[in-house]
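Notes for the structure review
These are the residues of each chain, in order.
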Amino acid sequence: MAGAAWLVVAFPLLGALILLVGGKRTNAWGHLLGCATIAASFVYGLILFFSTTGQEEAARTSEVSLFSWIPVDQLQVDFGLRIDPLSITFLLLITGVGFLIHVYSIGYMAHEPGENDRRRFFGYFNLFVAAMLILVLGNGFVTLYLGWEGVGLASYLLIGWYTDRPSAATAAKKAFLMNRVGDVGLAIAIFIMFKVVGSTQYTAVFDGVANGAFSSGELVALTLLLLLGACGKSGQFPLQAWLPDAMEGPTPVSALIHAATMVTAGVYLIARSNPIYTASPDGRLVVVIIGAVTLVIGCVIGCAYDDIKKVLAYSTVSQIGYMILAVGLGPFGYALGIMHLLTHGFFKAGLFLGAGSVMHAMNDEVDMRKYGGLARIMPVTFVTFGLGYLALIGVPPFSGFFSKDAIIEAALGQDETWRAWVFGGAALLGAALTAFYMTRLVLMTFFGEKRWKDIKSSDGREFHPHESPSVMTIPMIVLAVGSVGAGAFFAIGDTFTEWLAPTVGVLEESHHHVIPHAVVPWLTVGLSLLGVLLAWLFVGRKRVPLSKPEPVPFPVRAARADLYGNHFNELLIARPGTWLTRALVYIDNKWVDGLVNGTAALLGGSSGRLRRAQTGFVRSYALSMLGGSILLIAALLAVRFA
Amino acid sequence: MNTAPVVPAVTTSPSASFLLWLLLLVPLLGGIAVAFLRDAKTAKLAALGIALLEFVLVIPTWIAYDPAGSRIQLSSSMDWIPNFGVHLALGVDGISLVMIALIGLLMPIVIGSSWADKLPEGRSVGGFYALLLVMQAGMIGVFAATDVFLFYVFFEAVLVPMYFLIGRFGGPRRQYAAVKFFLYSLLGGLIMLGSVIGLYVVSGDKLGSGTLDWATLTTVISQESQATQTWLFLGFFVAFAIKAPLVPLHTWLPDAAAEAPVGVGVLLVGILDKIGTYGFLRYCLPMFPAASKDLAPLVLVLGVAGLLYGALLATGQNDMKRFVAYTSIAHFGFIAVGIFAFSSQSVSGAVLYMFNHGLSTGMLFLVVGMVIARGGSTLISDYGGMAKLTPLLGGLFLVAGLAGLSLPGTNSFVSEFLVLIGAYPSRPVFAILATIGMILAALYVLWAYQRIMHGPVRGDALLGALKGPGAVAAPETATRQGIKDLDAREIAVLTPLVVLIIVLGFYPAPILDVIGPSVEATLHSVIPLGGN
C-alpha cells in the first residue's frame, strides 16, 4: 500500500495545478474539484491506516524512495516518503479536518468579496494541503524543508487574500519573514547534519545520533536550531507576533492553516526529531521553557482582546505552547504533545469555523463588543461552538481534558522538583487563564443583551444575524463530535500512545510527584472552574460597554499591546533596518560610486568628462588604455622580480 | 549555408567539434546579415529564426558531450598567431556547455520579449537585432575558447555590441550608463591583459617557448611560486570581479541595467555577468591554485559582504530595474561564496546557480519590463495594486520573485542550498552569515511585490494610464485606454521559463550530471585529493 502513497500528495497538487493554471474556465466546478482531491487523499490515508494498524511494530514503518532530488557527490538528497504511525496520524488530521474545512469554505467563500475568485482560493488551499503532506510524509530533513516553506507560501498567499486591505499584505509579508527567520535555524541544522553524518535523511541522521557521531555540543546546537524553526512556524516566543496578524486571512484559512495544521508543524518537527531531543536533555530544557513562556503569554494577551479571531489566535499560540512543553519533556511527553495536537486540531478548527459562522451572520464584524445574545439566533453555531469551548477549557469528558491534563501531569512529574513546580505551575496557571478568556468570549458573543440591535456595521449595514447554511454547519457538527469524543477515544487504554510508539518510543511514566497523582485532574478542573467563575464575575453579570473601557491598569494595557512584542520588533529590528538600508543606498550612490567614478575621472583628466561622455568618450578611452597599460607593466615587472 | 570553417586545420577530436564553430558562426554571420535588412518585421523574423536555429544546434552539442569523458571535449584548434603561440581553439567542459545552453535558451526569449519595444527615434530595428546576435556570438566565444588569448579577445569583443545596445537603444541616461559600463569592463580587461602577457612570459621561461593554450598553462602555472601565482591571479581576478560584479566594483551594473532595454538587461544580468564567475572557475582556480587557496578568505568576505549589501540595497530601491540589478549583486555574492568554498557541493551549487539565475532573474527582469511597458514608469512608487488589473502578470511576477528568494520547489533553491550546505563544513561562519541573505531576499522580493501588485489600485502610472492622456509623463502609454493583462506573445515568452524554474526545482539532475565531473576536475587542482 505504501508504494503508491505518493498519490496522497499528488491529488491535491494536481488539484492546485488545474485550478491555478486553468483559470476562469474552472470557475463553475473548481470548488468541487478542490474538495474531491482532499477527499481522495483522506480515503487513501484511511487505507494506509488500516493496512498498518494490524501489523507488528517494526512493520508499521516503511520508506518509499521516489527519485533522487539533489545528488552531488557525497550529498544524496532523496525525494521519498516515510510512512509510519506519526506521519499517518498527521495525514489523517490534515486531510480529514482539511476536507471538512474545504466543504465549509464552499459556503463561506461564496459570499466573500471577490467571489469570482473562489476557485483560486481552492487552488491555494489545495496547494497548502499538498505542501503540508510533503512536510509530514517526507523521508528527510530537506523534503521537510520543502514542505515547510511550501506551507509558508500557501499561508502567505491566503493571509494576503483580501487584496483591498493593505493590512492584509503587511500581515502576509510579516508571516513569511518571521517564518524565514525560523527557517534559517532549520537550514543551519541541516548543514550541521550533513557535516557530521554526510546525509540529511532521517534514518542516517538518527542512526548517527544513536552511534554517537554527534558531539554533545552539536546536539545542543541541533536542538536549539530546530527549535528556532519550530518557533517560527508555530508562533512560539519570540517569533509569535505574526500569528495573530495572520487572522487577516479568511476564517477557513485561520481554521485550517493557522490553528489545526500548519502552525502545529513545529511540534511535528520536534516529535519527528525525537532521537536528537532524547539525546540532549539541555536542549529539551530550553524547549520546555519556550513552551511554558509561550503558553502563559498567549493566555494573558488572549484575555485582553475584543477581536474574536485574535482571541482564538492567541489561544492557539498558548495551546501550541502546551504541545511544545510536552514534547520538550522528551520520552515523557512526545506522544502527549501529539495527542493534544490532534484534539486541538478538532476543537480549535471547530471554534474557528464557529467564529466564521458568527462573522458571516454579523457582516464580517470581529469585535465581540458588538455581538451579544446570539445563542438563540444561531443555535447550531452556539451548540457546536459550546462543545469546542468545553473541550478547550478541559472539562471532562471532553477531548481537551484528556490531552491537556496528561501534559500537566507530565510537567508536574519531572524529576527536578523546581522544574516540576515552575513548569507544572505554568501549565496549571494556563488552564485557569484559558477558562477565563474563553468564557469571556462565549459570554460576550452568545449571551447578554443584543448589543448589535442599535448600531450599524462599519460598512453602514444593519445587523441581521442568521444561522449559516448547512454546507457550513455540517462540518461544524462533525468537528464538534470530534471535540467531544476524540480525547476519550485516544486516551482511554493508552490506544494512541501505543500506536505512536514505533516512531517516538514508548511513553515513559514518571514516579516522581510533587502533587499526588490522583489530585492533579481535580486541581486542573478546579482551576478551570475558577477561571469560568471569574469570567462570569467580570463579564457575565455586567453590561458589556460598546467601546473598550479606559483607562485601565498597566497589566491590561500591556496585554492589549501584545505585551509589547511588536514594539520590541519595531525598535530593535525594523527601524534600525530601515535606517541602515537608507544609509547604504546613500553611501552606495555617493561614496562607492563616487570613489570609482573619481578613479576613472582621475585617469580621464576631469570628472565632468565622464558625465559629458559623448564628447569626452574617445579621450577617456585613450586615457583608460594608458592607465591600464601602466598597471599592466607594473604587473609584469612585479611578476618578473617577485 | 556556410560550411567553410567546418574542418579546421588541426582537430584534436574531430567527431562533433564543428558544432562549436557552427554555434559561433551562425549568430555572427546571421547578425551581420540582419544588419542589412531594411524592413523591421523581416529583421525581427530573421533574428528570431537565427536564434531558434542556434537553440536547435545546442541540442546535438549537449548530446555529443559525454560527462564521463575527457576534461575538454568537442575541441579543435587552428594556428592563429604562431609567433605568440596563439591558437583559434574551441572546446567545452560541462560548465561552459551549460552556459552555452543557457545562451541558446535565453536568446529566442529575449528576441520575443523585445518584439514590441519602441526603439528611440531614428534607430534601426535591424541594427538592434544584429547587435543582439553579434553579442550572442561573442558570448559563445567566451565560453568556448580554450586559448587564453582567444578568450581575452572575446571577453573584450562582447563589450562593443553591449556598449552600442545600451548607448544607442537604452533609456534617458543611456550614454552615461554605456560609457560607465564600457570603462569599467575595459579597465578590467586591460588588467587581465597584463596577466595574459604574464602567462606567456612565465610559460616561455618554463617551456622554452611561450604558450597561451589553456590546458598547457594549467599544468605549468599551477607549479609556479606562490608570489607569481598571486600576481597573475590578481590580474584575472579584478577583471572577473568587475564583470560578476562583486562589491565594491558593482556600481556600473545598476546604471547599465536601469538604462538598457529590457531584453538587453536580461542578457546583461543573465549571461554577461556570468563571464566573471565563469572566469573564476575556468581560469583562477585551475591556473593559480595556490593563490586561489591563499586568497579564498578574502573572496569569501567579498562574497558575503556582497550578498548582504546587495540585498539591503535592493530593499531600498525605488527603480524596478535597479532593484533587479541589486538582487543580482546579492546572488553573485552567493555564487562567489560557492566557488571559493571549494567543496563539490558548493562549486556545483555555484555553477547551477549561474544557470538558474539566468532563468529566474531573467524572468524577473522580463516581468518588470512588462510592468513598465504598461505603466510607462520605472518607479515602484508609481504603481500599486496592479494584480487587480493584470492578475496573470501579478502571478508570474510572484513566481519570478519566489524563484529569486530561492523558495524550495523552484530551481534557485537547489543551487542556493548546495552552495550553503557545501560551504558549511569548511567555512561555517561564512555559511551562517550567508543565511541572513535568505531572510533579506524574502524581504526585498515580497516588499517589492506588495508595493507593485498588492492592495487597491493606486500610483500615478496606473491611474494615469487608466484615466487617459496627459496624466503621466510617458505619453505613448498614457494614451492607451486601460491596462491589459499579458498577451499571447508575452505568455509564450514567459512559459518556458516558468516550466524550467519548476522542473529544475524538483529534478536538477540533468544539469548536475553534466557539470559534476568538470567541477570535480576544477576542484582537483585546488585540493589535490578532491572532495571536502
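None of these values were measured; they are calculated from a predicted model. (Residues numbered from 1 in each chain as written. Chains lettered and ligands numbered in written order. Predicted model: local features only at pLDDT ≥ 70, side-chain atom pairs only at ≥ 80, totals over all residues. Heavy atoms only, no water.)

**Some remarks on empty space enclosed by the protein**
Applying the stated criterion across every chain, the model contains five cavities of 30 Å³ or more. The volume enclosed by the largest cavity comes to roughly 100 Å³. Along the walls of the largest cavity sit 13 residues, with Tyr145 of chain A together with Phe413, Phe417, Leu420 and Met438 of chain B positioned nearest its centre. The set of elements that each furnish at least two residues to the lining of the largest cavity consists of α5 (141–159) and α6 (166–197) of chain A together with α18 (411–423) of chain B. Its residues assigned to classes, the lining of the largest cavity comprises nine nonpolar, one polar and three charged. (1 Å grid on protein atoms, 1.4 Å probe; cavity = no way out; pocket = protein on both sides within 12 Å on 5 of 7 lines; lining within 4 Å. Points joined across faces, edges and corners; volume = space filled by probe spheres on them. Helix = DSSP H or I, 4+ residues; strand = E, 2+ residues; numbered from the N terminus. Nonpolar A, V, L, I, M, F, W, Y, C, P; charged D, E, K, R; others polar.)

**Looking at the interface of chain A and chain B**
Facing the 68 residues of chain A at the interface are 75 residues of chain B. Taking both sides of the interface into account, the surface hidden between chain A and chain B amounts to around 6,300 Å²; carbon and sulfur atoms contribute 75%. Counting across the chain A and chain B interface gives one salt bridge. The salt bridge partner of Lys388 of chain B is Asp164 of chain A, with a shortest N-O separation of 2.7 Å. For the pair chain A and chain B, the interface holds 11 residue pairs in polar contact (both at pLDDT 80 or more). Here the element with the most residues in the side of chain A that touches chain B is α6 of chain A; it accounts for 16 residues. Looking at the side of chain A that touches chain B residue by residue, the classes come out as 44 nonpolar, 13 polar and 11 charged. (Contact = heavy atoms within 4.5 Å. Buried area = accessible area lost by both parts, 1.4 Å probe. Salt bridge = Lys/Arg side-chain N within 4 Å of Asp/Glu carboxyl O. Polar contact = N/O pair within 3.5 Å; in protein donor to acceptor, adjacent residues only side chain to side chain.)

**What to know about the confidence of the model for chain B**
Close inspection of predicted coordinates is inappropriate in any region flagged by low pLDDT. All names here are of chain B. Chain-level statistics for chain B give a pLDDT mean of 88 and a share of 94% at 70 or above. When the elements of chain B are averaged for pLDDT, helix α21 (residues 475–478) gives the smallest value, 40, and α18 the largest, 96. This model gives residues 1–13 a pLDDT under 50, and the stretch forms 22 contacts once residues within four places in sequence are excluded. In this model residues 468–481 is a low-confidence stretch, pLDDT under 50, and it forms 26 contacts with partners more than four residues away in sequence or in other chains. Under the prediction, the complex receives an ipTM of 0.90, its pTM being 0.90. (pLDDT = per-residue confidence, 0-100.)

**Focus: the UniProt feature "domain: NADH:quinone oxidoreductase/Mrp antiporter transmembrane" (unreviewed entry) in chain B**
Feature annotation in UniProt places "domain: NADH:quinone oxidoreductase/Mrp antiporter transmembrane" (unreviewed entry) on residues 145–437 of chain B, given in this structure's numbering. Taken end to end, residues 145–437 of chain B is 80% helix and 0% strand, and its two terminal C-alpha atoms sit 34 Å from one another. (UniProt positions renumbered as here; feature names shortened; annotations may be inferred.)

**Digging into the packing of aromatic side chains**
As enumerated under the stated definition, the model contains 58 aromatic pairs over all chains in all. Centroid distance Phe79 of chain A to Phe506 of chain B: 6.3 Å. Interplanar angle 65°. Geometry classified as edge-to-face. One end of the pair, Phe79 of chain A, is in strand β2 (residues 75–83); the other, Phe506 of chain B, is in helix α22 (residues 488–506), on a second chain. The exposure class assigned to Phe79 of chain A is buried, which follows from its relative accessible area of 9%. For Phe506 of chain B, a relative accessible area of 28% gives the class partly exposed. With 6.5 Å between their ring centres and 85° between their planes, Phe237 of chain B and Phe340 of chain B make a pair best called edge-to-face. With a gap of 103 residues between them, Phe237 of chain B in helix α9 (residues 226–243) and Phe340 of chain B in helix α14 (residues 320–340) connect regions that are remote in the sequence. Pair check on accessibility: Phe237 of chain B and Phe340 of chain B agree, each one buried. Through successive ring pairs, a cluster of aromatic residues spans Phe151, Phe155, Phe233, Phe236, Phe237, Phe240, Phe280, Tyr283, Phe288, Phe340 and Phe342 of chain B. Looking at Lys243 of chain B, its charged tip hangs above the ring of Phe155 of chain B, at a distance of 4.8 Å from the centre. (Phe/Tyr/Trp six-rings, centres within 6.5 Å; stacked < 30°, edge-to-face > 60°. Buried < 20%, exposed > 50% of the residue type's maximum accessible area, 1.4 Å probe, protein only. Lys NZ or Arg CZ within 6 Å of the ring centre and 35° of its normal.)

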